[in-house]
Amino acid sequence: MAFAVELFFDAATEAALRRLIDTTAGRDSSSSSYRPHVSLGGSKRLRDAPSLIHALETLASEQAGAFPVTLAHLGLFPGDEGVIFYGVTVTTPLLLLQRRFHALFTPLAIDWSPFYQPGSWVPHCTLAYGLPQDRLSDVIVKLQQQVPPSISGLLTSIALVHIPSGDERAVFAFEATGVTE
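All residue numbers here refer to positions counted from 1 along the written sequence of the relevant chain. Totals for whole chains, interfaces and linings use every residue, but because this is a predicted model, local features are given only for residues with pLDDT of at least 70 and side-chain atom pairs only at 80 or more, for both listing and counting. The basis for the side-chain values is all heavy atoms of the structure; hydrogens and waters are excluded.

## A short note on the packing of aromatic side chains
Okay, step 1: Ring geometry is summarised as follows: Phe, Tyr and Trp rings, the Trp one being its six-membered ring, pair when their centres sit within 6.5 Å, and such pairs are stacked at plane angles under 30 degrees, edge-to-face over 60 and tilted between the two. The full count for this structure, using the stated rule, is 3 aromatic pairs.
Okay, step 2: We call a charge positioned over a ring when the NZ of a Lys or the CZ of an Arg lies within 6 Å of the ring centre and within 35 degrees of the ring normal. Residue placement shows R35 over the ring face of F8; its charged tip is 3.8 Å from the ring centre.

Here it is in C-alpha cells:
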C-alpha cells in the first residue's frame, strides 16, 4: 500500500486545473482520477500512520493560513511514465514547508521516494500521467494552446492520500492563526 502527502488548492484553482486535466489527458491518462495537488512526498509504506497523521495536523496548525502559489511553466518528466505537469514557482514559504514536512515524514515512512528530498524536489501539479509515448507531443501541443501563462491560487490544506485509490485518509486545512518560519 503506497501513500503520498499532498497539498491541495483553493476551489477556484482546483477547478481551473481540473479543466486542464480533463480536456488534455483524456482517456489515455490515469491522472484524471486524482484531485489536483502538489505532492510533498511519497512512500511505499508507513511505519506509523497515526503518528504521521498527528504530525500533519500539527504542521497544518502551525501554517499561517493558505499561502499564494503560482503555476507558470509546463514540464515533462523523463522516462516511460508519460508525465506532463504544470510547474509551481518555487518560493521561500513553499521550500520551508517542504523542508519541515520532510524532516517529520522520513522517519515515519518506509521506502520513501528520493524525488521529494529537499534539493531534488520539483514542485508541480500533474496534468497527465501514463500517456503513451506516441501521444506526448499531441498533448503538449494541446496544452500549449490551452494553458494560461500562469495560474495564481492558494495552497489551503495538506493531506495523507492512499495511492493508487486516491482516498484521502486525513486532510488538514492550514490555520490562519498559526505561525510560519
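## A short note on the side chain of H102
Okay, step 1: By definition, any uninterrupted DSSP run of H or I lasting at least four residues is a helix, any uninterrupted run of E lasting at least two residues is a strand, and each is numbered from the N terminus. Among the structural elements, H102 can be located in helix 3 (residues 92–105).
Okay, step 2: Categorising residues by exposure relies on relative accessible area from a 1.4 Å probe, with only protein chains included: less than 20% of the type maximum marks a residue as buried, more than 50% marks it as exposed, and the intermediate range marks it as partly exposed. A relative accessible area of 13% means that H102 is categorised as buried.
Okay, step 3: Residue contacts are counted whenever heavy atoms from the two residues lie within 4.5 Å of one another. If we ignore the near neighbours within four places in the chain, the residues touching H102 are P107, W112, Y116, Q117 and P118.

## Let's talk about the pattern of salt bridges
Okay, step 1: By definition, a salt bridge exists where a carboxyl oxygen of Asp or Glu is found within 4 Å of a side-chain nitrogen of Lys or Arg. Evaluation of the coordinates by the stated rule reveals 4 salt bridges.
Okay, step 2: For R18, the salt bridge goes to D22, with nearest N and O atoms at 3.3 Å. Taken together, the residues R18 and D22, both in helix 1 (residues 11–25) and 4 residues apart, mark about one turn of the helix.
Okay, step 3: We note a salt bridge from R100 to E62, for which the minimum N-O separation is 3.1 Å. Of this pair, R100 sits in helix 3 while E62 sits in helix 2 (residues 49–62), and the two are 38 residues apart along the sequence.
Okay, step 4: According to the relative accessible area criterion, E62 is partly exposed, its value standing at 35%.
Okay, step 5: Look at the salt bridges and you will find they share partners, linking E14, R35 and E168 into a network.

## As for helix 2
Okay, step 1: For a helix, the expected span equals 1.5 Å multiplied by the number of residues minus one. In this model helix 2 runs 20 Å from its N-terminal to its C-terminal C-alpha over 14 residues, within 8% of the 20 Å that 1.5 Å per residue would give.
Okay, step 2: Every buried residue of helix 2 is accounted for by L52, A55, L56, L59 and A60. The buried residues of helix 2 occupy an angular sector of 135 degrees when projected down its axis, which confines them to one face. Pointing more than 90 degrees away from the buried face of helix 2 are the exposed residues P50 and H54.
Okay, step 3: On the buried face of helix 2, the contacting elements are strand 1 (2–9), strand 2 (37–46), helix 3, strand 7 (151–163) and strand 8 (168–173). Picture the helix axis, draw a direction to every C-beta atom, and the arc is the one those directions span.

## Re the side chain of T106
Okay, step 1: Relative to the helices and strands, T106 is located in the loop between helix 3 and strand 5 (109–112).
Okay, step 2: Whenever a nitrogen or oxygen atom comes within 3.5 Å of another N or O atom, the pair is scored as a polar contact, on the condition that within protein one atom can donate a hydrogen and the other can accept it, and that pairs from neighbouring residues in sequence are kept only if both atoms are in side chains. There is a polar contact of 3.1 Å between the side chain of T106 and the backbone oxygen of H102.

## Section: the pairing of strand 7
Okay, step 1: Two strands qualify as a pair provided that DSSP identifies no fewer than 2 bridges between them. Pairing between strand 1 and strand 7: 8 bridges, direction antiparallel. Bridged to E6 within strand 7 is A159.
Okay, step 2: Relative to strand 7, strand 3 (residues 67–77) is paired through 5 bridges, and the arrangement is antiparallel. Pairing of V69 across the sheet is with G153, part of strand 7.
Okay, step 3: Bridging between strand 7 and strand 8 involves 5 bridges; their strand directions are antiparallel. Bridging from a neighbouring strand, V161 pairs with E168 of strand 8.
Okay, step 4: Linking strand 7 back to strand 8 in an antiparallel pair, the connection comprises 4 residues, with G166 at a positive phi of about 85 degrees.

This is a description of form; function is not addressed.
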